[in-house]
Amino acid sequence: MNPSSPFFREAGSGRPIVCIHSNASSSGQWRAMMDLLAPRYHILAPDSYGAGKSPEWNSDRVISLGDEVALIAPLLARGQSPVTLVGHSYGAAVALKAALMHPDRVRALALYEPTLFALVDASAPPPNKADGIRHAVHAAAAFLDAGEPHLAAQAFIDYWMGSGTWANMPEQRRQPIAQSVVNVRRWAHALFTEPAGIAAFQGIDVPVLYMMGKRSTASAQALHGLGARGRRHPDSCTSQRARGDV
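Cut-offs applied
Residues numbered from 1 in each chain as written. Predicted model: local features only at pLDDT ≥ 70, side-chain atom pairs only at ≥ 80, totals over all residues. Heavy atoms only, no water. Helix = DSSP H or I, 4+ residues; strand = E, 2+ residues; numbered from the N terminus. Buried < 20%, exposed > 50% of the residue type's maximum accessible area, 1.4 Å probe, protein only. Areas by Shrake-Rupley, 256 points an atom, 1.4 Å probe, with all protein chains shown as cover. Expected span 1.5 Å × (residues − 1). Core = buried A, V, L, I, M, F, W, Y, C linked by side-chain atoms within 4.5 Å. Contact = heavy atoms within 4.5 Å. Phe/Tyr/Trp six-rings, centres within 6.5 Å; stacked < 30°, edge-to-face > 60°. Axes fitted to C-alpha atoms, helices over the stretch in contact; angles between N-to-C directions. Parallel < 35°, antiparallel > 145°, perpendicular 65-115°, else oblique. Nonpolar A, V, L, I, M, F, W, Y, C, P; charged D, E, K, R; others polar. pLDDT = per-residue confidence, 0-100.

J.: Please clarify how the overall build of the protein chain should be interpreted in this entry.
T.: The helix and strand inventory of the protein chain stands at 10 helices and 7 strands. Expressed as lengths along the three principal axes of its C-alpha atoms, the size of the protein chain is roughly 50 × 40 × 40 Å. Within the protein chain, the fraction of its 246 residues that count as buried is 52%. Entry remark: accessible area of the protein chain is about 11,300 Å², with carbon and sulfur atoms responsible for 52%.

J.: Honestly, unusual backbone geometry in this entry has me stumped. Any pointers?
T.: As a rule of thumb, non-glycine residues mostly have phi less than zero, and peptide bonds are mostly trans rather than cis. Here the residue pair P126 and P127 is connected by a cis peptide bond, since its omega of 0° sits within 30 degrees of zero. Summarising the element assignment, P127 is placed in the loop between α4 (117–123) and α5 (131–145). Here A24, not a glycine, exhibits a phi torsion of approximately 60°, which is positive. Considering the arrangement of structural elements, one finds A24 in the loop between β2 (15–20) and α1 (31–37). Using a relative accessible area of 14% as the deciding quantity, one classes A24 as buried. In the Ramachandran plot, S89 falls in the positive-phi region, its phi being about 60° despite a non-glycine side chain. On the basis of relative accessibility, which here comes to 11%, the residue S89 falls in the buried class.

J.: In this structure, what is going on with helix α6 (residues 149–161)? I would like to understand it.
T.: Helix length check: α6, at 13 residues, gives a terminal C-alpha distance of 18 Å against a target of 18 Å (1.5 Å per residue), a fit within 8%. Among the residues of α6, those classed as buried are A152, A153, F156, I157, D158, Y159 and W160. Just beyond α6, the residue with positive phi is G162, at close to 105°.

J.: For this particular structure, what's the right way to read the environment of A218?
T.: Mapped onto the secondary structure, A218 falls in helix α10 (residues 218–221). Remark: the alpha-carbon pair of A218 and T84, spanning 134 residues in sequence, is separated by 27 Å.

J.: Would you take a moment to explain the nonpolar core for this structure?
T.: One broad trend across soluble globular proteins is that nonpolar side chains are buried collectively. Within the largest apolar cluster, 63 residues are counted, with the highest numbers of intra-cluster contacts made by L85, L109, I133 and F156. Sort the elements by how many residues they give to this core and helix α3 (residues 90–101) lands first, with 8 residues. Other than its neighbours up to four places away in sequence, F156 contacts N23, A24, I133, V181, V184 and W187. Within the second largest apolar cluster, 11 residues are counted, among which are A45, V86, A110 and Y112.

J.: Explain the packing of aromatic side chains to me, please; I cannot follow it from the model alone.
T.: The geometry of an aromatic ring pair is captured by the separation of the ring centres together with the interplanar angle, meaning the angle of the planes. Under the criterion given, the structure shown has 5 aromatic pairs. When the ring of F156 is compared with that of W187, the centres are 5.6 Å apart and the planes differ by 45°; the resulting orientation is tilted. On the criterion of sequence distance, the pair formed by F156 in helix α6 and W187 in helix α8 (residues 184–192) is long-range, its members being 31 residues apart. Through a chain of ring-to-ring contacts, three or more aromatic side chains come together here, namely F156, Y159, W160 and W187.

J.: So what exactly am I meant to see when it comes to the packing of helix α2 (residues 65–76) against α3 here?
T.: A packed helix pair is summarised by two numbers, namely the angle formed by the two axes and the spacing between the axes. Running from amino to carboxyl end, α2 crosses α3 at an angle of 70°, the nearest separation of the two axes being 9 Å. What the angle tells us is that α2 and α3 run roughly perpendicular. Only Y90, A93, V94, K97, A98 and M101 of α3 make contact with α2, whose side of the interface consists of L65, G66, E68, V69, I72 and L76. The residue makeup of the contact of α2 with α3, split by class, is 9 nonpolar, 1 polar and 2 charged.

J.: Can you walk me through the confidence of the model for the protein chain in this structure?
T.: The predicted coordinates should not be examined in detail at positions where pLDDT is low. Counting all residues, the mean pLDDT for the protein chain is 92, and 91% of those residues have values of 70 or more. Contacts of residues 228–232 to residues separated by more than four positions or lying in other chains number 19 contacts, the stretch itself having pLDDT below 50. Scored below 50 in pLDDT, residues 242–246 shows 18 contacts in the model against residues more than four places distant or in partner chains.

Structure, rendered in C-alpha cells:
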C-alpha cells in the first residue's frame, strides 16, 4: 500500500523539527509549542492515520509503526538538513521507529514516555509493567463492541490521566477523542508487535532527550531502564516531570 499524504501544521523557519502526537490526539496538541519555537525553528506537526485531518488507514493489513513512519516520511525529507523528532507516547514510539528506518534524516530525538510495549514484553513476559495499558485496551475494546465509544474513551483516558479525568473533561474535547478511540486495537497492535528488538534501538546514535512523569502510570514508565533509548550519546539526557499534558 502506498502511504497517503498526511495533513500537517507548519510554522517558523530554521532547523527542522517534526512533532508526532500521542494517540487519541492530533497535531493540535503541539500548537502552543509551535508558537514558542517558530521564531527559531521550522516546525512540522503531522496528523497520524485516522487522527485530525489525515486519512484513515485504508488496508486490510493491521497497521504497524513502520506504516506510521511511511506516512510522515515526506516531512523528514523536505529539507536538506536532518530533523529533530519530538514525540509523545505513541508518537514517541513512531519517532524511535523513524530513527531506525531513516537514520540519515534524524539528527536528534526528544521523547516523552515512548510506549514501545513490545520491548517491555520481550524483556519480561507478562505479567509486567505493560499490563495496565493491556487491561485498559481490553476494557475499551469491550465497550466498543457494546456500541459505547464514550465509555471506551473513558477507560482509555482515565487509565493514562487518572480516574475522573474523562468526567471532568469539557464536552468539546470528548467528542474527537471518542471518535479516535475506535482505533484502540490498532494502536495496541502496532505497539505490542513491533518486530525490532532492543538491540536495534540501542544502535540509534543521536542525542536523545528522554522525559517521563514522576506520577505517570507504570506502563508509561515501563520503557525507561530497558536500554532502548538509544546509544548513550554525549548530548543525551533523561528528565523527569510531573504528569500532565505536553
